[in-house]
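As a plain string of letters, each chain reads:
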Amino acid sequence: FPEIVELNVGGQVYVTRRCTVVSVRDSLLWRIELPRDSKGRFFLDRDGFLFRYILDYLRDLQLVLPEHFPERSRLQREAEYFQLPDLARRLAQARVAAAARPAALHRDGSLCTDEPPPPLLGYLEAEPLEGGSGGGAAASAPSPTASRSPSGGPLLTPSQSLDGAGGRRSGYITIGYRGSYTIGREAQADAKFRRVARITVCGKTALAKEVFGETLNESRDPDRPPERYTARYYLKFNFLEQAFDRLSEAGFRMAACSSTGTCAFAPEQGGPADDKIWTSYTEYVFCRD
């Protein structure tokens, strides 16, 4: 390798130093001769996304993963391929610990031994048995104080809101947000913002109703069964922060977002010839594990 190394890993380009690439003795990169692509970069036919974590480990022999990282198994496989036994061992131990104690994990992925799991919000709770035993009907009766979810929506039945392990049902909710504005010659000083049409909600019906309750407009897709998916709901308010607050209170976290924009000239709508109308559309994907 030269002093500055350019790597093409599955189409993703990385630039690093030679000492980083060969920092682990007897690893694959220490011993192998790599082919080059059409631009002279060293080529590896591996997962380009996961290689960023391999490269981070090679820099200082430590690894810090994101808060919610679902690719531990695949990253362990990559560590084994690149013959990094210490990294593979750490990932295997983390997977075993997470599988053995799924309810005893902090949100940052670290293990906790004494802290009890957080309370479940918005779900049916079984009332204690009379005398501590017997009475199957009493054990499954809902508490009279739990008639509604924290978001103000109707309380779901156990089959809708609880999984087989007794925890919260995992799932995804996608929030769509569309807006437009016009910019003239004076750029931002002359910007005219238009009203956002609506905030759309996509996901499983039961999860959408649990989170947004009465603020969810179901007129475009009424009587949808709880376990079916829909992309036709929208909210009765126009503030993204309000939607984010409700999702956060229900235990959801943002997993991804994407945005796109278009631009058109305004004369056909009666505006000056040099004015432009910008329209943007953004989607936010929320997940609850």
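Residues numbered from 1 in each chain as written. Predicted model: local features only at pLDDT ≥ 70, side-chain atom pairs only at ≥ 80, totals over all residues. Heavy atoms only, no water.

J.: Just checking my understanding: could you explain the nonpolar core for this structure?
T.: The nonpolar side chains of soluble globular proteins are, as a tendency, buried together. In terms of nonpolar packing, the biggest core is built from 28 residues, with Leu7, Leu29, Phe51, Ile54, Leu75, Phe82 and Leu84 touching the most fellow members. Those elements that place two or more of their residues in this core are strand E1 (4-9), helix H2 (28-31), strand E3 (42-44), helix H3 (51-60), helix H4 (72-81) and helix H5 (85-100). With 6 residues, H3 is the largest single contributor of residues to this core. Discounting chain neighbours no more than four positions away, the residues touching Phe82 are Ser27, Leu28, Leu29, Leu44, Arg46, Phe51 and Ile54. (Core = buried A, V, L, I, M, F, W, Y, C linked by side-chain atoms within 4.5 Å. Buried < 20%, exposed > 50% of the residue type's maximum accessible area, 1.4 Å probe, protein only. Helix = DSSP H or I, 4+ residues; strand = E, 2+ residues; numbered from the N terminus. Contact = heavy atoms within 4.5 Å.)

J.: When you look at the sheet that holds E3 in this model, what are you seeing that I'm missing?
T.: In space, the 3 strands of this open sheet follow the order E2-E1-E3, with mixed pairing throughout. For this open sheet the edge positions go to strand E2 (12-17) and E3, each flanked by a neighbour on one side alone. Here the strands of the sheet are splayed against their neighbours by 30 degrees on average, with no regard to which way each runs. Note that E1 and E2 share 6 bridges and pair antiparallel. Paired with Asn8 across the strands is Val13, a residue of E2. Contacts between H3 and the sheet are confined to E1, E2 and E3, with E2 contributing the most and set at about 5 degrees to the helix. (Pairing = 2+ DSSP bridges. Axes fitted to C-alpha atoms, helices over the stretch in contact; angles between N-to-C directions.)

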